[in-house]
Amino acid sequence: PSNDKMVESLISEHPVFPSWLTKRNDFQAYYSELKGVDGIPDSCIIEGILKTSPEHRKDGDVAIVRKWLKTNKVLRHLRAGRLMEVCRSMRLLSCPPEVCIVKEGEKGDAFYIILDGHCNVCIKDVVISELSTGCSFGEKALENDAPRSASVLSTSACKLMVVYASDYKKIIMCAQGEI
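Residues numbered from 1 in each chain as written. Predicted model: local features only at pLDDT ≥ 70, side-chain atom pairs only at ≥ 80, totals over all residues. Heavy atoms only, no water.

This part covers the packing of helix α5 (residues 59-71) against helix α6 (residues 80-89). α6 packs onto α5 with a crossing angle of 105 degrees between their chain directions and a minimal axis gap of 9 Å. When the axis of α5 is compared with that of α6, the two are roughly perpendicular. Contact residues: Asp59, Val62, Ala63, Val65, Arg66, Leu69 and Lys70 in α5; Ala80, Leu83, Met84, Cys87 and Arg88 in α6. Split by residue class, the contact of α5 with α6 holds eight nonpolar, no polar and four charged. (Axes fitted to C-alpha atoms, helices over the stretch in contact; angles between N-to-C directions. Helix = DSSP H or I, 4+ residues; strand = E, 2+ residues; numbered from the N terminus. Parallel < 35°, antiparallel > 145°, perpendicular 65-115°, else oblique. Contact = heavy atoms within 4.5 Å. Nonpolar A, V, L, I, M, F, W, Y, C, P; charged D, E, K, R; others polar.)

Encoded structure:
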């Protein structure tokens, strides 16, 4: 499909914008500028959604976050329903350059996805990898209480999508019928 069709589809799926607004050419032009690859919204749209508290997010907003994650192939192992719940529980973290986001050896309590920015992964103060938009780290914290195996430091200002281990565990327990 053309980019215009993808933008039109994305706008129509978003319940926040009233139809009288979405039909306006100036709105479509503006919204079109915010799309990223394959019509998926730019990070500023995701950032705006994540600024809303999880309990107040609309289903359409959560679906947009899910589309962004699928485009970046993050959390692709999760079933659709569980992925939607994870998207609903995500929070936004803004981080200035040269900040240690997670520290090697400390207890892990969150999973991070880089929405915008760059980070270095270090083991014993040696850079072993560079991460950028769409990359994730800290996923072991979602499954167990193991200490961090590496440190992650921001090398630029970063916007991070965060899922706290406690939220993820609640989602898993609900899915298993334990709550």
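Next comes the rest of the account.
As summarised here, the arrangement of the four strands in space is β1-β8-β3-β6, forming an open sheet in which the pairing is antiparallel. Because the sheet does not close on itself, it has two edges, and the strands there are β1 (91-95) and β6 (136-137). By the bridge criterion, two bridges tie strand β3 (residues 110-116) to β6 in an arrangement that is antiparallel. Bridge pairing in β6 places Tyr112 opposite Phe137. Sheet strands touched by α5: β3 and β8 (158-164). Its angle to β3, the strand with the most contacts, is close to 85 degrees. (Pairing = 2+ DSSP bridges.)

Glancing now at the packing of aromatic side chains. Under the defined criterion, the tally for this structure stands at one aromatic pair. Geometrically, the ring pair formed by Tyr112 and Phe137 is stacked, given 5.0 Å between the ring centres and 15 degrees between the ring planes. Placement of the pair is Tyr112 in strand β3 and Phe137 in strand β6, with a sequence separation of 25 residues. (Phe/Tyr/Trp six-rings, centres within 6.5 Å; stacked < 30°, edge-to-face > 60°.)

The next subject is a nonpolar patch on the surface. Taken together, the side chains of Ile123, Val126 and Ile128 present a nonpolar region at the surface, about 250 Å² in accessible area. Note that Val126 resides in strand β5 (residues 126-131). The class for Val126 is partly exposed, based on a relative accessible area of 49%. (Patch = residues over 30% accessible without salt bridge, like charges linked within 9 Å, V, L, I, M, F, W, Y side chains within 5 Å. Areas by Shrake-Rupley, 256 points an atom, 1.4 Å probe, with all protein chains shown as cover. Salt bridge = Lys/Arg side-chain N within 4 Å of Asp/Glu carboxyl O. Buried < 20%, exposed > 50% of the residue type's maximum accessible area, 1.4 Å probe, protein only.)

α5 packs onto helix α4 (residues 43-51) with a crossing angle of 135 degrees between their chain directions and a minimal axis gap of 10 Å. Between α4 and α5, the angle falls in the class oblique. When the axes of α4 and α5 are compared, the crossing they make is left-handed. Of the residues in α5, those touching α4 at Ile45, Ile46, Ile49 and Leu50 are Asp61, Ile64, Val65 and Trp68. Looking at the contact of α4 with α5, its residues break down into seven nonpolar, no polar and one charged. (Left-handed = near helix turned anticlockwise from the far one by under 90°.)

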